[in-house]
Structure formats: C-alpha cells, structure tokens
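Below, each chain spelled out in residue letters.
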Amino acid sequence: MFKKKVTFPDNWIYIHDKNVNVARIQNYKNWSPFMVPSEEYTSYGLEYFCQKGDGLWEKSDDELFSMAIDEIKKIDLPFSEIELEYKVLRIPKAYPVYDHNHRNRLEEIKNYLEKFPTLHLAGRNGMHRYNNQDHSIKTGFLCAENIAADKKLFDPWQVNQDAIYLEK
Ligand SMILES: Cc1cc2nc3c(=O)[nH]c(=O)nc-3n(C[C@H](O)[C@H](O)[C@H](O)COP(=O)(O)OP(=O)(O)OC[C@H]3O[C@@H](n4cnc5c(N)ncnc54)[C@H](O)[C@@H]3O)c2cc1C
C-alpha cells in the first residue's frame, strides 16, 4: 500500500510477462473504497504461485518485498514510494492439486465418508475441489439445506462439476 490516488482501472490483472514472477495483481481499491484508508491511497496484492519449501517460498519477507517493487516497476504500473508499507502472507495448500490419479483417490475417500451421514463436506479443501469462492459458498449453502431438512436434498458435488469457470 502506498499513497497515490491514480491507479489502473481493473480489479485484477493476470501477468503473462516472462520477465517477472508475479502471476496476478489485485487492485483492492477497485473492489471497494473501504479496502484503502482513503482515496489518496492504493493497495496492490501481488500473487506469486509456489510450493512450500521452494525458492520463492523460502525467500525472506524483505526479499519478497524488494522483488515485488522491482516487478511493479518493470511492468510499469502506477506506483509511489510515499508511505509505502507491505505484508507478506504465505498460504500453504492454497490450490487443490489435481494430479493424474486424484479423481480415483477422491472417489475412494468420498465413498468411505458416505458411511457418516452427519458429516457434510463443503468448500475448497473440504472437497479437494478447484472451486472458486462463489461455488465454495454454494456448497456450504447446500449442506445447510441438507442439515435443516435432515436428508440429502442436494448434492454439493454437483456444484462446478465441470470445473469450468472463466473469469471475464
Ligand atoms: C491465491 C488464490 C487466489 C484465488 N482467487 C480467487 C478469485 O479471484 N476468485 C474466486 O472466486 N476465488 C478465488 N480463489 C478461491 C477462493 O479463495 C476459495 O475458493 C474460497 O476461499 C474457498 O472457500 P472455503 O470456505 O472452501 O475455504 P477457505 O476460505 O480456505 O476457508 C476455510 C477456513 O477453515 C479454516 N480451517 C482450516 N482448518 C481448520 C480447523 N482444523 N479448524 C478450524 N478451522 C479450520 C481456515 O483457517 C479457513 O479460514 C483463490 C484462492 C487462492 C488461494
């Protein structure tokens, strides 16, 4: 976050430039004015995809910060060093990994857990599914309906069955 009013118009952009590591940049102010202290400020969220323990993960917060600043400058985003502050969050298991055999293993676990009728699986890691936020919430709603009705009215596994979701 830094003090600068003018920024870019998007909520987020994907970065495909091979000269930088950053994969996506959020522009929080455009989601909501309440994401910054006042309109004089801008706050970017730079997302770096990595695995726990790899080179990127192991970098110190300071190293990540200076890499991020270099990369913002390289791709020429609006930026200023006035009142510049940062926070690094490392999120393990951020993405459910779909390897070659994950479907079969998931099916086995799903079948086993069906023995427990009062156990309700919902959400991204709860179902090991590459669901977006809206679909994750939807699975929670369907579980709540099932619990309220005391029977399986809905099948949360049908949500986002094709795993097709395009961010327009
Ligand atoms: C880097 C990244 C970018 C993303 N970008 C987008 C996007 O642009 N658009 C979009 O729609 N979705 C996006 N998603 C996906 C979205 O964040 C998830 O789909 C959504 O947050 C999943 O919601 P959830 O409730 O299933 O899980 P979560 O939001 O992960 O919530 C699970 C909660 O359970 C808590 N928890 C875990 N274990 C325990 C325990 N044992 N006891 C108590 N609490 C526990 C965790 O702390 C967490 O708060 C992104 C995800 C990541 C990681």
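What you are looking at is a predicted structure, and each value in this text was computed from that prediction instead of being measured.

Below, the discussion takes up the overall build of the protein chain. Along the protein chain, the regular secondary structure elements total 6 helices and 5 strands. Its helices and strands taken in sequence order, the protein chain reads β-β-β-α-β-β-α-α-α-α-α from the N to the C terminus. Here the C-alpha radius of gyration of the protein chain, 20 Å, is well above what a compact globule of 168 residues would show, namely 15 Å. The C-alpha extent of the protein chain, read off along each of the three principal axes, is 55 × 35 × 25 Å. Pairs at least 24 apart in sequence give 53% of the contacts found in the protein chain among residues at least 6 apart. Carbon and sulfur atoms form 53% of the exposed surface of the protein chain, whose accessible area is close to 12000 Å².

Another point: the domain arrangement of the protein chain. According to the domain assignment, the protein chain contains domain 1 (2-74) and domain 2 (102-158). Using only C-alpha atoms to locate each centre, domain 1 and domain 2 end up separated by 33 Å.

On to the pattern of salt bridges, then. Opposite charge on two side chains permits them to pair, given that their charged atoms come into close proximity. Scanning all chains against the criterion turns up 7 salt bridges. The partner of Lys 5 in a salt bridge is Glu 39, with the nearest N and O atoms 3.8 Å apart. In this pair, Lys 5 is assigned in the loop between β1 (2-3) and β2 (12-14) and Glu 39 in the loop between α1 (28-31) and β4 (41-42), connecting sequence segments 34 residues apart. Measuring nitrogen to oxygen at the nearest pair gives 3.1 Å for the salt bridge that ties Glu 81 to Lys 73. The exposure class assigned to Lys 73 is partly exposed, which follows from its relative accessible area of 45%.

What follows is about the site of the ligand. As a matter of local geometry, the ligand sits amid 11 residues, with Arg 24, Gly 123, Arg 124, Asn 131 and Gln 133 nearest to it. For the ligand, a nitrogen atom lies 2.6 Å from a polar atom in the side chain of Arg 24. Here an oxygen atom of the ligand and a side-chain polar atom of Ser 136 are 3.2 Å apart. With the chains in place, 40% of the 1000 Å² that the ligand exposes on its own is no longer accessible. The class makeup of the residues in the shell around the ligand is 2 nonpolar, 5 polar and 4 charged.

Every α-helix carries 3.6 residues per turn, so stepping three or four residues along brings you back to the same face. The terminal C-alpha atoms of helix α4 (residues 102-113) lie 16 Å apart, and with 12 residues this matches the ideal 16 Å at 1.5 Å per residue to within 8%. Burial in α4 covers these residues: His 102, Leu 106 and Lys 110. On an axial view of α4, the arc spanned by its buried residues comes to 65°, and they lie on one face. Facing away from the buried surface of α4 by more than 90 degrees, the exposed residues are Asn 104 and Glu 108. Summarising the contacts, the buried residues of α4 are in contact with α5 (124-127).

A separate point is the pairing of strand β3 (residues 24-27). Burial along β3 is two-sided: the face carrying Arg 24 and Gln 26 and the face carrying Ile 25 and Asn 27 are both buried. Sheet analysis places β2 next to β3, joined by 3 bridges and oriented antiparallel. In the strand pairing of β3, Tyr 14 is matched with Arg 24. Where β3 lies against strand β5 (residues 44-47), 4 bridges are found, and the strand directions are antiparallel. Counterpart to Arg 24 in the pairing with β5 is Glu 47.

Right, let's get into the packing of aromatic side chains. By the definition in use, this model includes 8 aromatic pairs. With a centroid separation of 5.5 Å and 80° between ring planes, the pair formed by Phe 49 and Tyr 95 is classed as edge-to-face. Of the two residues, Phe 49 is situated in the loop between β5 and α2 (55-58) and Tyr 95 in the loop between α3 (61-74) and α4; the sequence distance between them amounts to 46 residues. The class for Phe 49 is partly exposed, based on a relative accessible area of 44%. Its relative accessible area of 37% is what places Tyr 95 among the partly exposed residues. Here a set of aromatic residues connected by ring pairs shows up, and it is made of Phe 2, Phe 8, Tyr 44 and Phe 79. Between the NZ or CZ atom of Arg 124 and the centre of the ring of Tyr 95, over which it lies, the distance is 5.2 Å.

Basis of the calculations
- Residues numbered from 1 in each chain as written.
- Predicted model: local features only at pLDDT ≥ 70, side-chain atom pairs only at ≥ 80, totals over all residues.
- Heavy atoms only, no water.
- Helix = DSSP H or I, 4+ residues; strand = E, 2+ residues; numbered from the N terminus.
- Rg over C-alpha atoms; globule rule 2.2 N^0.38 Å.
- Contact = heavy atoms within 4.5 Å.
- Areas by Shrake-Rupley, 256 points an atom, 1.4 Å probe, with all protein chains shown as cover.
- Domains from an automatic or database assignment.
- Salt bridge = Lys/Arg side-chain N within 4 Å of Asp/Glu carboxyl O.
- Buried < 20%, exposed > 50% of the residue type's maximum accessible area, 1.4 Å probe, protein only.
- Near = heavy atom within 4 Å.
- Polar contact = N/O pair within 3.5 Å; in protein donor to acceptor, adjacent residues only side chain to side chain.
- Nonpolar A, V, L, I, M, F, W, Y, C, P; charged D, E, K, R; others polar.
- Expected span 1.5 Å × (residues − 1).
- Arc of directions from axis to C-beta.
- Pairing = 2+ DSSP bridges.
- Phe/Tyr/Trp six-rings, centres within 6.5 Å; stacked < 30°, edge-to-face > 60°.
- Lys NZ or Arg CZ within 6 Å of the ring centre and 35° of its normal.

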